[in-house]
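Observations on chain architecture
This is what each chain is made of:
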Amino acid sequence: MDQVSIEMSSTPRPTMVKSKSQLSLRRSLTITFKDLAYSVTVKKKKMQILKGVSGTVTPGELVAVFGPSGSGKTTLLDILANRKESGEISGAVLINGNEIDDDYKRLCSYVVQEDVLLPTITVRETLRFYADLKLPKSWTEKEKHERIEQILEQIGLSHRADAKIGGVLPGGIVLRGLSGGEKRRVSIGCGLVTSPSIVLLDEPTSGLDTTSAMAVMKTLVELTQQKSVTVICTIHQPRSEIFKLFTKIMVLAEGRLVYYGNRPVEHFTEIGFPFPDQTNPADYILDAVTTIKEEGRADEIADRLQSSYLDQANQESSSTLTQSQLGIINASGKRKINAYNNGLFTQFLVLWKRTGLDFIRNPSNCLVRFAVAVFVGLLFGACFSGLGMDEKGVQSRSAVLFYLVINMILQPFASISLFISKRTLFNAERASKLYHTLPYYLALMFFEILACIGTAFILGTITYWFADLNPGADKYFFAMAILTLAHLAGDFFMLIISCITVQVDTSFAVGAGVATIYQLFAGFFVPINALPKSFEWLHWCNFVYYSFEALMHNEFVGETVNCGQLACPTGRDVLINLGLNNRGKGINLIIVSSFAFAFFTMVFLCLHYFHREKR
Ligand SMILES: Nc1ncnc2c1ncn2[C@@H]1O[C@H](COP(=O)(O)OP(=O)(O)OP(=O)(O)O)[C@@H](O)[C@H]1O
Ligand SMILES: [Mg+2]
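Here the structure is a predicted model, which means the values were calculated and not measured.

Scoring rules and cut-offs
Residues numbered from 1 in each chain as written. Chains lettered and ligands numbered in written order. Predicted model: local features only at pLDDT ≥ 70, side-chain atom pairs only at ≥ 80, totals over all residues. Heavy atoms only, no water. Axes fitted to C-alpha atoms, helices over the stretch in contact; angles between N-to-C directions. Helix = DSSP H or I, 4+ residues; strand = E, 2+ residues; numbered from the N terminus. Contact = heavy atoms within 4.5 Å. Nonpolar A, V, L, I, M, F, W, Y, C, P; charged D, E, K, R; others polar. Salt bridge = Lys/Arg side-chain N within 4 Å of Asp/Glu carboxyl O. UniProt positions renumbered as here; feature names shortened; annotations may be inferred. Buried < 20%, exposed > 50% of the residue type's maximum accessible area, 1.4 Å probe, protein only. Core = buried A, V, L, I, M, F, W, Y, C linked by side-chain atoms within 4.5 Å. Pairing = 2+ DSSP bridges. Near = heavy atom within 4 Å. Polar contact = N/O pair within 3.5 Å; in protein donor to acceptor, adjacent residues only side chain to side chain. Areas by Shrake-Rupley, 256 points an atom, 1.4 Å probe, with all protein chains shown as cover. Phe/Tyr/Trp six-rings, centres within 6.5 Å; stacked < 30°, edge-to-face > 60°. Lys NZ or Arg CZ within 6 Å of the ring centre and 35° of its normal. Parallel < 35°, antiparallel > 145°, perpendicular 65-115°, else oblique. Left-handed = near helix turned anticlockwise from the far one by under 90°.

**Focus: the packing of helix H16 (residues 423–431) against helix H23 (residues 585–609)**
Taken N-terminus to C-terminus, the directions of H16 and H23 make an angle of 65°; their axes are 11 Å apart at the nearest point. Each of Arg423, Phe426 and Arg430 in H16 lies in contact with H23, whose residues at this interface are Cys606, Leu607 and His608. For the contact of H16 with H23, the residue count by class is three nonpolar, one polar and two charged.

**A look at the pattern of salt bridges**
All told, the structure shown has 19 salt bridges when counted by the stated rule. Residue Arg160 is joined to Glu182 by a salt bridge in which the shortest nitrogen-to-oxygen separation is 3.5 Å. On the criterion of sequence distance, the pair formed by Arg160 in the loop between helix H4 (141–154) and strand S7 (167–168) and Glu182 in helix H5 (residues 180–192) is long-range, its members being 22 residues apart. Between Glu241 and Arg239 there is a salt bridge, with its nearest N and O atoms 3.2 Å apart. Each of the salt bridges in this network shares a partner with another, and the network as a whole consists of Arg128, Asp132, Glu141 and Lys144.

**Details of the UniProt feature "binding site: ATP" in the protein**
Here the UniProt feature "binding site: ATP" sits at Gly67, Pro68, Ser69, Gly70, Ser71, Gly72, Lys73 and Thr74. Its place among the elements puts Pro68 in the loop between strand S3 (62–66) and helix H1 (73–80). Given the relative accessible area of 10%, Pro68 is considered buried. When sequence neighbours within four positions are dropped, the list of residues in contact with Pro68 reads Lys73, Leu252, Leu286, Val289, Thr290 and Lys293. Relative to the helices and strands, Ser71 is located in the loop between S3 and H1. Non-local contacts of Ser71, meaning those with residues more than four positions away in its chain, are made with Ile49, Leu50, Leu252, Ala253, Glu254 and Gly255.

**Considerations on the nonpolar core**
In terms of nonpolar packing, the biggest core is built from 148 residues, with Phe66, Phe246, Val251, Phe268, Met552 and Phe599 touching the most fellow members. Leave out the neighbours within four places in its chain, and Val251 touches Phe66, Arg256, Leu257, Val258, Tyr259, Phe268, Ile285 and Val289. In terms of nonpolar packing, the next biggest core, distinct from the first, is built from 34 residues, Val57, Ile100, Leu107 and Cys108 among them.

**Things to note about the sheet that holds strand S4 (residues 88–95)**
On the basis of which strands lie adjacent, the open sheet formed by four strands has the order S2-S1-S4-S5 and antiparallel pairing. The strands lining the two open edges of the sheet, one partner per strand, are strand S2 (45–57) and strand S5 (98–99). In terms of strand pairing, strand S1 (residues 31–42) meets S2 through nine bridges, oriented antiparallel. From the neighbouring strand, Ser39 faces S2, where its bridge partner is Gln48. Against the sheet, H1 makes contact with S1, S2 and S4, and its axis sits at roughly 115° relative to S1, the strand it touches most.

**Re unusual backbone geometry**
Phi is positive for Asn82, close to 60°, though the residue is something other than glycine. Along the chain, Asn82 falls in the loop between H1 and S4. Among the residues examined, Asn82 registers a relative accessible area of 16% and is labelled buried. Residues other than glycine seldom take positive phi values, yet Glu203 does so here, at roughly 50°.

**Description of the site of ligand 1**
By nearness alone, 15 residues border ligand 1, and Ser69, Gly70, Lys73, Thr74 and Thr75 come closest of all. Note that an oxygen atom of ligand 1 is positioned 2.5 Å from one of the side-chain N or O atoms of Thr75. Here His236 contributes a side-chain N or O atom positioned 2.9 Å from an oxygen atom of ligand 1. Considering ligand 1 on its own, with 640 Å² of exposed area, one finds that the protein chains cover 67% of that surface. Taken together, the elements giving at least two residues each to the shell around ligand 1 come down to S1 and H1. For the shell around ligand 1, the element with the most residues is H1, which contributes three residues. Across the shell around ligand 1, the residue classes break down as four nonpolar, eight polar and three charged.

**Quick look at the packing of aromatic side chains**
For any two aromatic rings, the description comes down to two numbers: the centre-to-centre distance and the angle of the planes. A full pass over the atoms with the stated rule returns 35 aromatic pairs. Ring geometry for Phe493 against Tyr518: centres 5.5 Å apart, planes inclined by 65°, an arrangement best described as edge-to-face. With Phe493 in helix H18 (residues 473–501) and Tyr518 in helix H19 (residues 504–520), this residue pair connects regions lying 25 residues apart in the sequence. Here Phe543 and Phe595 contribute two aromatic rings whose centre-to-centre distance is 6.1 Å and whose plane-to-plane angle is 50°, an arrangement assigned as tilted. A residue pair is termed long-range when its members are at least 10 positions apart, and Phe543 in helix H21 (residues 543–556) and Phe595 in helix H23 qualify at 52 residues. Assessed through its relative accessible area of 0%, Phe543 is described here as buried. A relative accessible area of 17% means that Phe595 is categorised as buried. Members of the aromatic cluster, joined through ring pairs, are Phe493, Tyr518, Trp540, Phe543, Tyr545, Tyr546, Phe595 and Phe599. The side chain of Arg354 reaches across the aromatic face of Phe129, ending 3.9 Å from its centre. Note that Lys585 overlies the ring of Phe478, its terminal NZ or CZ placed 4.6 Å from the centroid.

**A few points about the packing of helix H15 (residues 413–421) against H19**
Two elements in contact, H15 and H19, have axes whose closest approach is 10 Å; the angle formed by their N-to-C orientations is 150°. Taken together, the axes of H15 and H19 are roughly antiparallel relative to one another. Where H15 crosses over H19, the two elements pack in a sense that is right-handed. Between H15, through Phe413, Ile416, Ser417 and Ile420, and H19, the contact on the second element is made entirely by Val504, Ser507, Phe508, Gly511 and Ala512. Grouping the constituent residues of the contact of H15 with H19 by class yields six nonpolar, three polar and no charged.

**Quick notes on the side chain of Ser396**
Structurally, Ser396 is set in helix H14 (residues 391–410). For Ser396, the contacting residues outside a window of four places in its chain are Phe384 and Leu387.

**Focus on the environment of Ile285**
Looking at the element boundaries, Ile285 is found in helix H9 (residues 281–294). You can call Ile285 buried: its relative accessible area is 0%. Between the C-alpha atoms of Ile285 and Val265, which are 20 residues apart in sequence, the distance is 7.1 Å. Apart from the residues within four sequence positions on either side, Ile285 is in contact with Phe66, Phe243, Val251, Pro264 and Phe268.

Shown next as structure tokens:
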């Protein structure tokens, strides 16, 4: 089909790359997709989302994907970015005529629709995080620094480099930071750190005011014109000025490609949709496609398109491919790319640094927990101060030890929302192959464990001192060790629940139920020997019971008790009266440690295998 270029941009010539920090990673890449089809089976019914979508985008082109909601725009980008993890894909995606390989993730950046950024760190720190994880190890500090400054300039945020991203922190605190448009530009900046040759963006301007949208689009135009990057983005109803920036338009309707080229208005006019004067071409195209969809003509138009100029265009663009390369076109378009840019240890160090910053800057992470520990410790002190070893003292000592353990399993409720709130960010970053689950989990747990140790020691020490519990360094440190381990086991247990249930409300409800059962079968309210036989297993698998037993052993065994009329002349008898086991306290320590370790491992497995981002 004869096509005359209208007001849309023309393709600039590629430019040469000068130094490492000036994008030495970049190569000019042409992306070709041939007969892409995608289907999913929902409730045993197969849904064809994309069908026979083909095209070629060359370096320096800025291509917009248009289409009504649900037409398959995001699906197309997901497949081009090699990020579709469910459903069946057929067809091929070729880069300069070759099948995509491990290098693809370095060469192609995908900026998804949602800005998933950590609110507590600054713009520069965010870009640095990406640079540390995505740039090759050979890059020096200076080169990375130069690269980040360059990106800041490119996205027009040099003046906001040290501003925090901002947003809603877990617990509802709002951290003031960037505007929506600035956040969008940071997301784009993150995608540019590796100097990709292909940039895919899903609705880069949605939710932005016209000025911000224009600023984002100008960044993309610069990329194509000055750096000859290949850019494809989906977009909803751009204003005329933005529409003019695109070199080509790809129009989808019900998963079919109904137009691809630089003369969309002429095309739709020719097939029976007159162009009204003074109309935004983007609105006109969308109206035309909606009518095509409603009239059920999408297949007919797409078929005609395929057999006319699209074939011609593809033949032209494919003519440089060798015969063997053309053979690859028929292969399956689905390729798994698993390699990360850095080893697990480097990933851990980078994540450790970011988690540390987040930890320090979000007061709810530790300060609130420590403050609560001080408050509860003082309260315990007021209720149980200066306990003796008489009958009343023994009861109070047992009670304070029990409530110390219970507090250690109730405090972890604070971690649920913190953990869940980071889930979206983690899922998105893991899906873009920034890091593996293990370094993320270890970095997060490093600080979580520190917070648990701090909380257990603060609460335990204050209570120990006020209540005048069994003196002696060995007794004190043993008690602190048990409280810490009980706290860790409780914390990890809550995290397992939050991994499985995902929603904060559900996690709280399930957690509260389980915590109640733990308390009931720990041997304090109902002596173990008074429990119905059928419920016995509930105390055998109850780490609260072992923790309480260890603390009771530590407190009473070997002590002389003045029980008045009660027959309990030794501390050991206090344990026997409650039906507590007579095993050594060291064994209880090992059992509680094993619970903590088992839960720790289970959290990792849940995090790794449950609720992955399914695109
Ligand atoms: N993995 C999947 N499972 C089930 N349905 C899916 C899946 N992926 C895509 N779809 C469906 O395919 C259709 C196209 O989705 P897609 O997100 O690509 O549309 P879109 O053109 O980007 O729409 P919008 O403009 O609203 O973002 C939708 O109906 C969506 O529900
Ligand atoms: Mg979409």
